[in-house]
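Architecture and fold: a report
The residues making up each chain are set out below.
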Amino acid sequence: MKKILTIAGSDSSGGAGVQADIKTITAHKMYAMSAITALTAQNTKGVSAVSAVSGEFVFAQIKAVFDDIVPDALKIGMLFNAGIIEAVRKALLENNAKNVVCDTVMIATSGAKLLEDDAIAALWGLFELSSVITPNAAEASVLSGFQVRDIATQKDAAKAIYERCGTAVLVKGGHLNATDILWDGQSFSEFKGELIATKNTHGTGCTLSAAIACALAAGLELKSSVAHAKDFISKAIGWSEQIGQGCGAIDHYFNIPKLI
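If you're wondering where the values come from, they're calculated on a predicted model, not measured in any experiment.

A look at the packing of helix 1 (residues 17–27) against helix 7 (residues 204–217)
Remark: helix 1 packs on helix 7, axes separated minimally by 9 Å, with the N-to-C direction vectors making an angle of 40 degrees. Comparing the axis directions of helix 1 and helix 7 gives the class oblique. Crossing geometry of helix 1 relative to helix 7 is assigned as right-handed. Here G17, A20, D21, T24 and I25 of helix 1 come into contact with helix 7, specifically with C206, T207, A210, A211 and C214. A class-by-class count of the residues in the contact of helix 1 with helix 7 yields six nonpolar, three polar and one charged.

Structure (structure tokens):
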């Protein structure tokens, strides 16, 4: 059985973060492990509070996993501050981690900040150890220094970010055009989707990056892994149901027959 470690924040409403990652990994019939970086008080309407875990304890969680169960892939989500980022980077280096998917969570869909301003600079050292990073348009705008608004600027941003960290970049266009752009240092790949008329998109970024990690663990190369994850997230959104009063969660178990 393939083993996946998610390093991310906890979502009390179950739609995003570690909870979404574990659902995704389970749906792939793989073994899920977790290192919690922060606790969030949130629901489908937004994030109301964040309590960060110390960098030392984040490192201890990751070390405990590697000392016993070596992951076949890692997904990194919310890190919140520079201390946690440095702890994760140290853990990846010491354990020679492979198949690392870094989902640069900076701002929640509701607008809540999930990364402190002074932590952005620390992210670049983590990107260098990753197999692929997966910023959305807003995050790619911050990282590249210019506004990402269409496919052309998605490509420009992917190249600009790659030139700084040397890691493959997938700039997501879910809120723009449903097209994700991958730059691997040599060529662009476009992964097209359809804009689905639903507000139930809570946890889409977490799920996509976790699905990429699962595919890499299974032995797929990067482009095929992204294509698989794109198909997975599209189906999960299409099968979503309204849960809660706000931005509802997607359906990670769309391929499992429902009891009723």
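Right, picking up where we left off after that structure.
Observations concerning helix 8 (residues 222–238)
For helix 8, spanning 17 residues, the distance from its first C-alpha to its last is 24 Å, which sits close to the expected 24 Å at 1.5 Å a residue. For helix 8, every residue scored as buried is listed here: L222, S225, V226, A229, K230, F232, I233, A236 and I237. Its buried side turned inward, helix 8 meets helix 1, strand 6 (132–133), strand 7 (168–171), strand 8 (180–183), strand 9 (188–191) and helix 7. Where helix 8 begins, the side chain of E221 points an oxygen toward the backbone nitrogen of K223, at a separation of 3.1 Å.

A closer look at the packing of helix 3 (residues 82–95) against helix 4 (residues 120–127)
Interaxial distance between helix 3 and helix 4 falls to 9 Å at its minimum, and their mutual angle equals 10 degrees. One way to sum up the angle between helix 3 and helix 4 is to call them roughly parallel. Touching A82, I85, E86, V88, R89 and L92 of helix 3 are A122, L123, G125 and L126, all from helix 4.

Topic: the side chain of S130
On the secondary structure map, S130 appears in the loop between helix 4 and strand 6. One polar contact links the side chain of S130 to the main-chain carbonyl oxygen of L126, over a distance of 3.1 Å. Those residues within four positions of S130 in sequence are excluded, and the remaining contacts are V100, C102 and T167.

Some thoughts on the sheet that holds strand 8
Here we have nine strands laid out as an open sheet, ordered 3-2-1-4-5-6-7-8-9, and mixed in their pairing. Since the sheet does not close on itself, it has two edges, and those belong to strand 3 (46–52) and strand 9, each with one partner. In this fold helix 2 (residues 55–68) packs onto strand 1 (3–11), strand 2 (31–43) and strand 4 (73–76), with an angle of close to 155 degrees to the strand it touches most, strand 2.

Here we look at the nonpolar core
Grouped together as the largest cluster of nonpolar side chains are 49 residues, with contacts concentrated most on I7, I62, I76, L79 and V88. In terms of residues, this core owes the most to one element, helix 3, which gives six residues. When neighbours within four sequence positions are excluded, I76 is seen to be in contact with I7, V88, L92, V100, V101, C102, D103 and L126. Residues A27, L182, C214 and I250 belong to the second largest nonpolar core, which totals 27 residues.

Section: the pairing of strand 4
Here strand 4 shows a buried face lined by A73 and K75 and a second buried face lined by L74 and I76. Across four bridges, the pairing between strand 1 and strand 4 is parallel. Looking across to strand 4, one finds that I4 is bridged to A73. One ladder, built from three bridges, connects strand 4 with strand 5 (residues 100–102); its direction is parallel. Bridge pairing in strand 5 places K75 opposite V101.

Conventions used here
Residues numbered from 1 in each chain as written. Predicted model: local features only at pLDDT ≥ 70, side-chain atom pairs only at ≥ 80, totals over all residues. Heavy atoms only, no water. Axes fitted to C-alpha atoms, helices over the stretch in contact; angles between N-to-C directions. Helix = DSSP H or I, 4+ residues; strand = E, 2+ residues; numbered from the N terminus. Parallel < 35°, antiparallel > 145°, perpendicular 65-115°, else oblique. Left-handed = near helix turned anticlockwise from the far one by under 90°. Contact = heavy atoms within 4.5 Å. Nonpolar A, V, L, I, M, F, W, Y, C, P; charged D, E, K, R; others polar. Expected span 1.5 Å × (residues − 1). Buried < 20%, exposed > 50% of the residue type's maximum accessible area, 1.4 Å probe, protein only. Polar contact = N/O pair within 3.5 Å; in protein donor to acceptor, adjacent residues only side chain to side chain. Pairing = 2+ DSSP bridges. Core = buried A, V, L, I, M, F, W, Y, C linked by side-chain atoms within 4.5 Å.

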